[in-house]
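A closer look at the structure
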Number of protein chains: 2
Amino acid sequence: MKYGIAFFPDKKIQDIANSYRKRYDPHYALIPPHVTLKEAFEMDDEGLSQANSHLEKVSREIAPFLIHFPKLSTFHPTNNVIYIAVEETEAIKSLHEKINSGVLFHERRYAYIPHLTIGQEMPEDELHDVYGSLRMKRFELSTWVDRFHLMYQLENKSWTIYQTYLLRGSSE
Amino acid sequence: MKYGIAFFPDKKIQDIANSYRKRYDPHYALIPPHVTLKEAFEMDDEGLSQANSHLEKVSREIAPFLIHFPKLSTFHPTNNVIYIAVEETEAIKSLHEKINSGVLFHERRYAYIPHLTIGQEMPEDELHDVYGSLRMKRFELSTWVDRFHLMYQLENKSWTIYQTYLLRGSSE
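Source: prediction; values computed, not measured.

Describing the UniProt feature "active site" (unreviewed entry) in chain A
All names here are of chain A. Under the UniProt annotation, "active site" (unreviewed entry) lies at His34 and His115. A stretch of 82 residues holds the annotated residues, and the largest C-alpha distance among them is 8.3 Å, short enough that they meet in one place. Along the polypeptide, His34 turns up in the loop between helix H1 (11–24) and strand E2 (35–42). For His34, the contacting residues outside a window of four places in its chain are Ala6, Phe7, Phe8, Pro9, His115, Leu116 and Thr117. Within the structure, His34 has its side chain in polar contact with the backbone oxygen of Pro32 (distance 2.9 Å). Residue placement: His115 occurs in strand E5 (residues 115–119). Note on His115: relative accessible area 15%, which makes it buried. Separated by 2.7 Å, the side chain of His115 and the backbone oxygen of Ile113 make a polar contact.

Here is the structure:
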């Protein structure tokens, strides 16, 4: 079964993201607006049990943290994706690295860039139009990250939640 | 904000349900196949905090249980809904009743009938066609219920998970 790990920003931010995703993201109906912490990976039932223990442990080690979404960015020309950038803090990098360790360690093809996708698989000219008109826009958005979710993918490519992990570490 | 509480059956059952929902359920893209434990209700942030404590307590009192999905049924003529019936056991009734108590008590318009919707808002003739051709079909499906989820609704009517509650009661 295919699993993935992500968190959802505040409802307000999800609503803003959806106003773009509706037009520019073919995954709009498959999953709510999210910030991926671990890309899709295959796992069997035994792996799931080990992953659960691992994620429980991670959730006890990290304290809730605030993140900012300052502006739009794009992965073009590597990928025709437009996203709301997530400020790259130590906290989110640490959460990502701890999740992607131990039994859940996989080599990544790209460096981790936390982001909230609002458009993907976009035709070249549409991407340039949309990014050109939105790139100067400032997003004064922030959200508390106090939990993350392990999800699995159904046959129709949509995602169902398996479990929430609450961040319970103490802040320094 | 609008919240709801449900559990998701095994992936296999969700995939079967989606094969029907894709054609017959306009909510197909808004939420994965689910069994509602508490219908949508309004709650503010203070209510959320109280609800969370309440649901934590409920999850400690109920042990995981197995449920069967024996056959199709319909709420017609009250509602043009077709669903996979959920065997009405004491365990699921108790889970429903405990959730719908204390700070989360609301009067219900109908008696609670646990079900997995596969079609709704169906035109009368389509409902009769589909139900007529499927009603004799036996579903030999069952799933362990070992968790439930509190969800909230976005502006586009889709649902995002807020939190998972693992059933941790001891079985008798």
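Quick notes on a negative patch on the surface
Together, Glu124(B), Asp125(B), Glu126(B) and Asp129(B) make up a region of like negative charge exposed at the surface. By relative accessible area, Asp125(B) is classed as exposed at 55%.

About the thresholds
Per chain, the residues get numbers from 1 upward, laid out in the order the sequence is written. As they are written, the chains are lettered A onward and the ligands numbered 1 onward, keeping that order. Reporting in this predicted model follows two pLDDT cut-offs: at least 70 for local features of residues, and 80 or more for side-chain atom pairs to be given and counted; totals over whole chains, interfaces and linings ignore these cut-offs and use all residues. Excluding hydrogens and water, the side-chain values take into account all heavy atoms of the structure. UniProt positions are given in the numbering used here, feature names are shortened, and annotations may be inferred rather than shown by experiment. Only runs of H or I of at least four residues qualify as helices and only runs of E of at least two qualify as strands under DSSP, and these elements are numbered from the N terminus. Any pair of residues with heavy atoms lying within 4.5 Å of one another is described as a contacting pair. Whenever two N or O atoms come within 3.5 Å, that pair is a polar contact, provided that in protein one can donate a hydrogen and the other can accept it, and provided that, for residues adjacent in sequence, both atoms are side-chain atoms. Any residue under 20% of the maximum accessible area for its type is buried, any over 50% is exposed, and the rest in between are partly exposed; the area is computed with a 1.4 Å probe on protein chains only. The residues that make up patches have over 30% relative accessible area and no salt bridge, and they are joined within 9 Å when like-charged or within 5 Å when they are Val, Leu, Ile, Met, Phe, Trp or Tyr. Computed by Shrake-Rupley with a 1.4 Å probe, the accessible areas treat only the displayed protein chains as cover when residues are assessed. Criterion for a salt bridge: a side-chain nitrogen of Lys or Arg within 4 Å of a carboxyl oxygen of Asp or Glu. Only four residue types enter the charge count: Lys and Arg as positive, Asp and Glu as negative, with His and the chain ends excluded. We put the charge of a Lys on NZ, of an Arg on CZ, of an Asp on CG and of a Glu on CD.

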